Each structure stands twice: as C-alpha cells, then as structure tokens.
Amino acid sequence: MSAKVGRIAQLVEELAPRKLAEDWDRVGLQVGDPREEVTGVLVALELTEEVLDEAVEQSAEMVVVHHPLIFKGLSALRYDSNPGYLVQKMAAHGFHLYVAHTNLDAAVGGTGDLLAKKLALEETEVLVESHRQRFYKLVVFLPQGHEDEIRDSLARAGAGWIGNYSHCTFQAPGTGTFKPLPGTDPFVGKVGQVEKVSEYRLETIVPEDRLKAAVKAMKEAHPYEEVAYDVYPLAEPEKLVGSGRVGRLKEETTLRDFIARLQEVLGVKHLRYVGDLNRPVRKVGVLPGSGGDFVARAASRGADVYVTGDVKYHQARLAEDLGLAVVDPGHYATETPVIEVLAHHLQTRLREEGSEARVYISRKLKDPFQFL
Ligand SMILES: [Zn+2]
C-alpha cells in the first residue's frame, strides 16, 4: 500500500513541527502535490542531481530533504540553472520534494539534540532561542475503565511528556452526572434520567504545537458522545525553542580528547579547531550546520568549546579573543546524522499505519569538501 504525499508530510511534522521553523526559512512541500500517492521516500541532506537519480533508481517518488531547494523568491524558472533544472527533472518524473530545515534543527530529537546526545551532554539547554513554546493543561472527564486507553492515545499524540518521561498524567476519581435528552444515544444511562457515573478526572500537560492533535486523539479514544474536557493556558512552564544546544560533559576532559571523541561519533578524520589542545573542556556548545555567527553566544553561555560548521576566519579570531575553543568538523558532518533519525521515524510511522511505502537513506550524497 502506498502513502499520500500529504500524509508523509504530516509524519515528518510529527518529528519537526512546522511552527518551529524560523520566519526566514522555507519549509514544507516545495515541489509536488499532497494528494498524490507514493510507494517510496528517499531522505537526504539536500537535493542534487545525484540524489534525484538515486530516487529514480529506487522508485522513490518523494524526496525529503533538510536544506530547502527553493529558498529565495523565484522570478523565473529556468531549466538551465539551479534550482530550475532540478524542479524540471522532478516534475518530469512526477516526483515530490519536502523540506524540514530549521524546524528539524529546533525539534526535540532533531539536529541539535542529536549532536548533544552523541556527545553525551547533560543538562542541555537551547543555545540560540527563536521563540518560546507555551504549554496547556488538558483535563478530561472519563468513565472508569477507559483511563489507560485515553492516556495512551494522549501520549501518542504528544501530551504528557516531561523530560524523558512519557504518559505523565494525574488522575482522581469522582462522580460525573448527566441527563441524556431526547434524541441522544448515551454510552451509559437512559434518555430523560439523571445518571451518576464513577469517572476519573485525568489531567496532563500538552505543548502548544501538539494541542490540536492531543484533543483529537483524546476525543477519538473517548467512549462518550459529548466529551467533557477543559484546556487551560499555563503561565509556567515555558520552554525555549531554538537551534543549537549547550550542555555539560559528565567529566572534564581536554580539548584533545574531546576532539577525538567527536571524530569518533561523527566518523570524521579531519577537522579544523581553534584553541590549546591541553585546555580543559567541560561545558560544550553545539550548533550543527552553519553556526559561525554564534561564537559570541556560545562564549556568553559559558561554553569551553563550541562545535559547529562553516566557521570563518574572523569568527575563529573572535573565539580566540573570547577564550573559546572551536571545533569545525564541517556543515555536512554535523548535520548528516539527523537524516537517519528522520528516515527511521518515517519508516516506523508508515509501518504502524499499515503502509508498505519504503523509506531509503541517500547513499550517493557525500560531503563536497575533501582533504589532501
Ligand atoms: Zn545545513
């Protein structure tokens, strides 16, 4: 069974909600039609001619990428230059292109979190804030015996997640009353009689971007025709959302050992660095991709070392002035691990939905930089 392009887009957005994208960014479906069906999806860092050929070979009619193909407003669509010729080639095959960029960077479990996790950083916080995420309290009244099913569907929809704990709820017993009026089809009780039912008040916390999905999932799992529930906006907690992370290593190490660990987790032989290899390192800032602009931010957050790509000469000099070590394994190496996470998420969710659409990870795309 194939899957709709629009559904695959929704599944990507479960991991990387579009709301998390920066205002200047261009994310979402860039080429294609959400109503069409595909049998294969190829996931890659970006779309190149090679990647497109790979999609054709795999019969993957949809390509999901991290870097936008169309970024600036187009005033012409020329087939003799980028991105026009790639759009033309995609259209010729009836292919679709979907982009998850800064929303994937900022997402829980996205690009930034992943690098922090690979380095085993603890007490991680957002390095560059783009906005604040609000939370809501969702309270639902349900007949006893249905609490586990409703709790499960809420958790699957993203409600009740606190740190590394899922299914966080509070439930208290009580008595619900209602009188079914003529024309109703009550789950319990009789039309015209006041009914008293043993119910639970189940409450949980939901981030703003999961609220709609959580309410929908809760209503679908709820046995009542008319569901009694409340949604309260919360003043606290409020979560910073953005790209990059800053956190601590479990134990202090030297810049030399830290770099060796980084090379191992990213699988890179060569990288550039700024700083004394013997200096102690404990607090680490990471910003996968292009993060040279945030050298001062990493230093102001107390980082001893900052890992990012595309660092320029004067940014390296600034780091030196600020006493911040910088390690630049490259844009590609710092971002590419997220491709596997994205592909795994998509394949798992498609299988759960009973779809046989296959998800492939690009094997052709390589770092354009080589070393001599
Ligand atoms: Zn990037």
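Residues numbered from 1 in each chain as written. Predicted model: local features only at pLDDT ≥ 70, side-chain atom pairs only at ≥ 80, totals over all residues. Heavy atoms only, no water.

1. Let's talk about the sheet that holds strand β14 (residues 280-290)
Argument step 1. In space, the 6 strands of this open sheet follow the order β7-β12-β14-β15-β16-β13, with mixed pairing throughout. Each of the sheet's edge strands pairs with one partner strand only, and the pair in question is β7 (122-133) and β13 (272-274). Looking at each pair of strands side by side, their axes are set apart by 20° on average, direction ignored.
Argument step 2. Strand direction decides the pairing type here: β13 and strand β16 (residues 325-328), joined by 3 bridges, are antiparallel. (Pairing = 2+ DSSP bridges. Helix = DSSP H or I, 4+ residues; strand = E, 2+ residues; numbered from the N terminus. Axes fitted to C-alpha atoms, helices over the stretch in contact; angles between N-to-C directions.)

2. Some points on the sheet that holds strand β5 (residues 62-65)
Argument step 1. In space, the 5 strands of this open sheet follow the order β2-β6-β5-β4-β17, with mixed pairing throughout. The open sheet has two edge strands, β2 (28-31) and β17 (358-361), and neither has a second partner. Taking the axes of each pair of neighbouring strands and ignoring which way they run, one obtains an average angle of 25° across the sheet.
Argument step 2. Sheet topology note: the β2/strand β6 (residues 96-99) ladder contains 3 bridges and is antiparallel. Among the inter-strand pairings, L29 is bridged to a residue of β6, identified as Y98.

3. Quick notes on the coordination of the zinc ion
Argument step 1. Protein-derived ligands of the zinc ion are H67 (NE2), H331 (NE2), E335 (OE) and E335 (OE), with the metal-ligand distances lying across 2.0 to 2.4 Å.
Argument step 2. One can describe the donor arrangement at the zinc ion as irregular, given that its 4 donor atoms subtend angles of 56 to 129° at the metal.
Argument step 3. When the donor residues of the zinc ion are listed from N- to C-terminus, their spacing reads H-x263-H-x3-E. Placement of the pair is H331 and E335 together in helix α11 (residues 331-335), with a separation of 4 residues, close to one helical turn.
Argument step 4. You can call H331 partly exposed: its relative accessible area is 22%. (Donors = N, O, S within 2.8 Å, 3.2 Å for Na, K, Ca; no water. Tetrahedral: all angles 85-135°; square planar, octahedral: opposite > 155°, others 65-115°. Buried < 20%, exposed > 50% of the residue type's maximum accessible area, 1.4 Å probe, protein only.)

4. Describing the nonpolar core
Argument step 1. Judged by nonpolar contacts, the single largest core of 53 residues is most densely connected at V41, V43, L47, V64 and L346.
Argument step 2. Core analysis: the next-biggest nonpolar cluster, separate from the first, contains 20 residues, L115, L262, V281 and V305 among them. (Core = buried A, V, L, I, M, F, W, Y, C linked by side-chain atoms within 4.5 Å.)

5. Re the packing of aromatic side chains
Argument step 1. Overall, the coordinates contain 3 aromatic pairs when judged by the stated rule.
Argument step 2. Relative to F71, the ring of W24 lies with its centre 6.2 Å away and its plane at 70°, an arrangement referred to as edge-to-face. Of this pair, W24 sits in the loop between α1 (5-15) and β2 while F71 sits in the loop between β5 and α3 (84-93), placing them 47 residues apart in sequence.
Argument step 3. Judged by relative accessible area, which is 48%, W24 ranks as partly exposed.
Argument step 4. Pairing F187 with Y224 gives two aromatic rings, centres 6.0 Å apart and planes at 55°, and the pair type is tilted. Residue F187 is located in the loop between β9 (169-178) and β10 (195-207), and its partner Y224 is located in the loop between α7 (211-221) and β11 (229-233); the two are separated by 37 residues in the primary sequence.
Argument step 5. What links up through ring pairs into an aromatic cluster is the set F178, F187 and Y224. (Phe/Tyr/Trp six-rings, centres within 6.5 Å; stacked < 30°, edge-to-face > 60°.)

6. Description of helix α8 (residues 255-266)
Argument step 1. With 12 residues, α8 ought to run about 16 Å at 1.5 Å a step, and its terminal C-alpha atoms sit 16 Å apart, in line with that.
Argument step 2. Buried residues of α8: L255, F258, I259, L262 and L266, and no others. Viewed end-on, α8 has its buried residues packed into an arc of 100°, placing them on one side of the element.
Argument step 3. Just downstream of α8 lies G267, where phi reads positive at about 65°. (Expected span 1.5 Å × (residues − 1). Arc of directions from axis to C-beta.)

7. Overview of unusual backbone geometry
Argument step 1. Of note, the bond from N82 into P83 is cis; its omega dihedral lies within 30 degrees of zero at 0°.
Argument step 2. Mapped onto the elements, P83 comes out in the loop between β5 and α3.
Argument step 3. Located in the positive-phi region is A120, a residue other than glycine, with phi close to 55°.
Argument step 4. Here A120 shows up in the loop between α5 (111-118) and β7.
Argument step 5. For A120, a relative accessible area of 45% gives the class partly exposed.
Argument step 6. The phi dihedral of D310 falls on the positive side, at around 60°, and the residue is not glycine.
Argument step 7. Structurally, D310 is set in the loop between β15 (305-309) and α10 (313-322).

8. Some words on the environment of V327
Argument step 1. With respect to the helices, strands and loops of the structure, V327 is situated in strand β16.
Argument step 2. Sequence-wise, V327 and T177 are 150 residues apart; in three dimensions their C-alpha atoms are separated by 63 Å.
Argument step 3. Ignoring any residue separated from it by four or fewer positions in sequence, one finds V327 in contact with L255, F258, I259, L262, L271, R272, Y273, V305, Y306, V307 and T308. (Contact = heavy atoms within 4.5 Å.)

9. What about the domain arrangement of the protein chain?
It is common to give the size of an interface as the accessible area that goes away when the parts come together.
Argument step 1. Partitioning the protein chain into domains gives domain 1 (3-99 + 336-361), domain 2 (106-130 + 242-334) and domain 3 (135-237).
Argument step 2. Relative to domain 3, the C-alpha centre of domain 1 lies at a distance of 36 Å. (Domains from an automatic or database assignment.)

10. A few points about the side chain of Q133
Argument step 1. Turning to its location among the elements, Q133 is positioned in strand β7.
Argument step 2. Setting aside anything within four residues of it in sequence, one finds Q133 in contact with P207, E208, D209, E238, K239 and V241.

11. Notes on the packing of helix α2 (residues 49-58) against α3
Argument step 1. With their axes 11 Å apart at the nearest point, α2 and α3 run at an angle of 5° to one another. Taken together, the axis directions place α2 and α3 in an arrangement best described as roughly parallel. In this structure, α2 uses E49, L52, D53 and V56 to contact α3, whose residues at the interface are Y85, L86, K89, M90 and H93.
Argument step 2. Classifying every residue of the contact of α2 with α3 by side-chain character gives 5 nonpolar, 1 polar and 3 charged. (Parallel < 35°, antiparallel > 145°, perpendicular 65-115°, else oblique. Nonpolar A, V, L, I, M, F, W, Y, C, P; charged D, E, K, R; others polar.)

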